[in-house]
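Spelled out from the first residue to the last, the chains are:
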Amino acid sequence: MHKEFAEIYDIFMKYVNYDEWYKFLRMFIKNKGTVLDLGCGTGEFIWRFLRDEFSVVGVDLSEKMLEISEKKLLKRNLVHNYKLVKENIVHYDNVSKNNEIQQVDYIICNFDTVNYLKNEKEFLKFIEKCNQNLKKDGYLIFDAVTEDIFEEIFENDVFLDEEPEYTSIWRHEQLSERKHLVEIDLFIRENESDNLFRKYNEVQYKFIYEPEWIVETVQNNGFEVFDTASNPEFGESRIFFVLKKL
Ligand SMILES: C[S@@+](CC[C@H](N)C(=O)[O-])C[C@H]1O[C@@H](n2cnc3c(N)ncnc32)[C@H](O)[C@@H]1O
């Protein structure tokens with residue numbers, strides 16, 4: 001997942017206001033400490049936390065995403081206090097040195113990364129793992145999208161996105177009550193001066209959870225729901241969960 005798409009991810013996301021999103025996170029993440037960024041992608045949150053003197057561990061399954069994160073940090077001269085780990089956020093055992101998990105102060109998992117988990121069972125494992133890796137009173141902040149995301153983005157189940165650097169055609173199909181398929185045909189322009197494109201195909205699956213189910217599950221697994229919020233600026237169908245470890 002997110003191989004070639006990683007190459008154009010930052011262009012695709014240029015309309016997302018990461019500064020505002022970061023400000024929202026900082027309303028809860030006030031005191032300096034270690035942030036574990038699960039599904040860190042191209043590191044947009046990592047560099048901001050490092051700039052503000054936090055330590056960060058970024059975890060992502062996509063090698064390409066991590067490569068881009070690393071380059072971004074080097075470019076900003078942020079070379080200390082971080083670690084990037086290629087792992088699944090459902091079972092990431094080598095986050096710290098010597099494979100020992102040190103509990104962190106905060107865990108974030110942004111931009112509906114939890115909707116990439118396969119099903120409710122995987123989500124539960126994700127929550128258990130977060131519980132294990134977070135200090136008492138530490139915050140876990142993630143967002144999940146509801147079914148409305150498909151109405152919001154896809155007209156007649158197709159979404160076309162064209163930029164000078166690439167063209168992408170997204171097709172949505174509902175596979176079962178909660179499982180959705182998104183197939184992306186991605187055409188990346190070879191170079192600026194001609195019309196030669198490389199074509200890739202990527203299939204993503206999205207699992208949609210009932211917000212009430214999320215609340216019940218986290219409460220049964222060691223978390224207090226500190227806040228839930230939606231912010232239309234980040235999409236009508238996105239719900240933020242701010243949890244505190246008991
Ligand atoms: C939509 S992107 C979000 C990236 C970043 N958090 C942001 O806000 O820009 C989802 C990211 O999660 C990663 N991802 C999805 N499922 C994962 C899993 N099970 N384990 C680790 N990373 C995963 C993808 O590779 C991708 O980088």
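Residues numbered from 1 in each chain as written. Predicted model: local features only at pLDDT ≥ 70, side-chain atom pairs only at ≥ 80, totals over all residues. Heavy atoms only, no water.

**Quick word on the overall build of the protein**
On a plain count of helices and strands, the protein comes out with seven helices and eleven strands. Taken against the 2.2 N^0.38 rule, which gives 18 Å for 246 residues, the C-alpha radius of gyration of the protein at 18 Å falls within 12% of a compact globule. Viewed in the frame of its principal axes, the protein has a C-alpha envelope of about 55 × 45 × 30 Å. Here the protein, with 246 residues, has 49% of them falling under the buried criterion. (Helix = DSSP H or I, 4+ residues; strand = E, 2+ residues; numbered from the N terminus. Rg over C-alpha atoms; globule rule 2.2 N^0.38 Å. Buried < 20%, exposed > 50% of the residue type's maximum accessible area, 1.4 Å probe, protein only.)

**Section: helix α3 (residues 44-51)**
Burial analysis of α3 places seven of its eight residues in the buried class, the great majority of the element. Of the residues flanking the end of α3, it is Glu53, one or two places downstream, whose phi is positive at about 70 degrees.

**Quick word on the packing of helix α1 (residues 4-12) against helix α4 (residues 63-75)**
Two numbers describe how α1 lies on α4: the axes approach to 8 Å, and their chain directions differ by 50 degrees. The angle between α1 and α4 falls in the class oblique. Seen from α1, the contacting residues are Ala6, Glu7, Tyr9 and Asp10; seen from α4, they are Lys64, Met65, Ile68 and Lys72. Among the residues making up the contact of α1 with α4, the classes are represented as four nonpolar, no polar and four charged. (Axes fitted to C-alpha atoms, helices over the stretch in contact; angles between N-to-C directions. Parallel < 35°, antiparallel > 145°, perpendicular 65-115°, else oblique. Contact = heavy atoms within 4.5 Å. Nonpolar A, V, L, I, M, F, W, Y, C, P; charged D, E, K, R; others polar.)

**Brief notes about the sheet that holds strand β8 (residues 179-189)**
The strand order β6-β7-β8-β9 describes an open sheet built from four strands, whose pairing is antiparallel. Edge positions in the open sheet fall to β6 (158-163) and β9 (197-207), since each of these has one partner strand only. Across the sheet, the mean angle separating the axes of adjacent strands is 15 degrees when strand polarity is ignored. Of the pairings in the sheet, the one linking β8 to β9 comprises eleven bridges and is antiparallel in character. When the bridges of β9 are listed, Val182 appears paired with Gln204. Sheet contacts for α1: β6, β7 (166-174), β8 and β9; angle to β8, the most-contacted strand, approximately 85 degrees. (Pairing = 2+ DSSP bridges.)

**Looking at the side chain of Asp112**
You can see Asp112 is positioned in the loop between β4 (104-109) and α5 (120-133). Classification of Asp112 by relative accessible area gives buried; the value is 4%. In this structure, Asp112 is in contact with Asp143, Val145, Lys206 and Arg238, ignoring residues within four places of it in sequence.

**A look at a negative patch on the surface**
On the surface, a cluster of negative charge is made up of Glu147, Asp148, Glu151, Glu152 and Glu236. Along the chain, the position of Asp148 falls in helix α6 (residues 148-153). (Patch = residues over 30% accessible without salt bridge, like charges linked within 9 Å, V, L, I, M, F, W, Y side chains within 5 Å. Areas by Shrake-Rupley, 256 points an atom, 1.4 Å probe, with all protein chains shown as cover. Salt bridge = Lys/Arg side-chain N within 4 Å of Asp/Glu carboxyl O. Lys, Arg positive; Asp, Glu negative; His and termini not counted. Charge placed at Lys NZ, Arg CZ, Asp CG, Glu CD.)

**Digging into the environment of Gly43**
Tracing the sequence through the fold places Gly43 in the loop between β1 (34-38) and α3. In this structure, the C-alpha to C-alpha distance between Gly43 and Ala6, residues 37 residues apart in sequence, is 11 Å.

**Some points on the site of the ligand**
In the vicinity of the ligand, 20 residues are found, and the nearest of them are Tyr18, Gly39, Asp60, Asn88 and Ile89. Tyr9 has a polar side-chain atom sitting 3.0 Å from an oxygen atom of the ligand. Between Tyr18 and the ligand, the recorded distance is 2.6 Å, taken from a side-chain N or O atom to an oxygen atom. Protein chains shield 97% of the accessible area of the ligand, which is 600 Å² for the free molecule. Of the residues contributing to the shell around the ligand, the split by class is eleven nonpolar, seven polar and two charged. (Near = heavy atom within 4 Å. Polar contact = N/O pair within 3.5 Å; in protein donor to acceptor, adjacent residues only side chain to side chain.)

**Considering the packing of aromatic side chains**
Applying the stated criterion across every chain yields a total of 29 aromatic pairs. Geometrically, the ring pair formed by Tyr18 and Phe45 is edge-to-face, given 5.3 Å between the ring centres and 70 degrees between the ring planes. Residue Tyr18 is found in helix α2 (residues 18-26), and its partner Phe45 is found in helix α3; the two are separated by 27 residues along the sequence. There is no split in this pair, since Tyr18 and Phe45 are both buried. On the basis of an interplanar angle of 45 degrees and a centroid distance of 5.9 Å, the ring pair of Phe123 and Phe126 is categorised as tilted. Note that Phe123 and Phe126 are positioned in helix α5 at a spacing of three residues, about one turn of the helix. Through a chain of ring-to-ring contacts, three or more aromatic side chains come together here, namely Tyr18, Trp21, Phe24, Phe28, Phe45, Phe111, Tyr139, Phe226, Phe234 and Phe240. Across from the ring centre of Trp47, 3.9 Å away, lies the NZ or CZ of Arg76, which sits over that ring. Between the NZ or CZ atom of Lys179 and the centre of the ring of Tyr205, over which it lies, the distance is 5.2 Å. (Phe/Tyr/Trp six-rings, centres within 6.5 Å; stacked < 30°, edge-to-face > 60°. Lys NZ or Arg CZ within 6 Å of the ring centre and 35° of its normal.)

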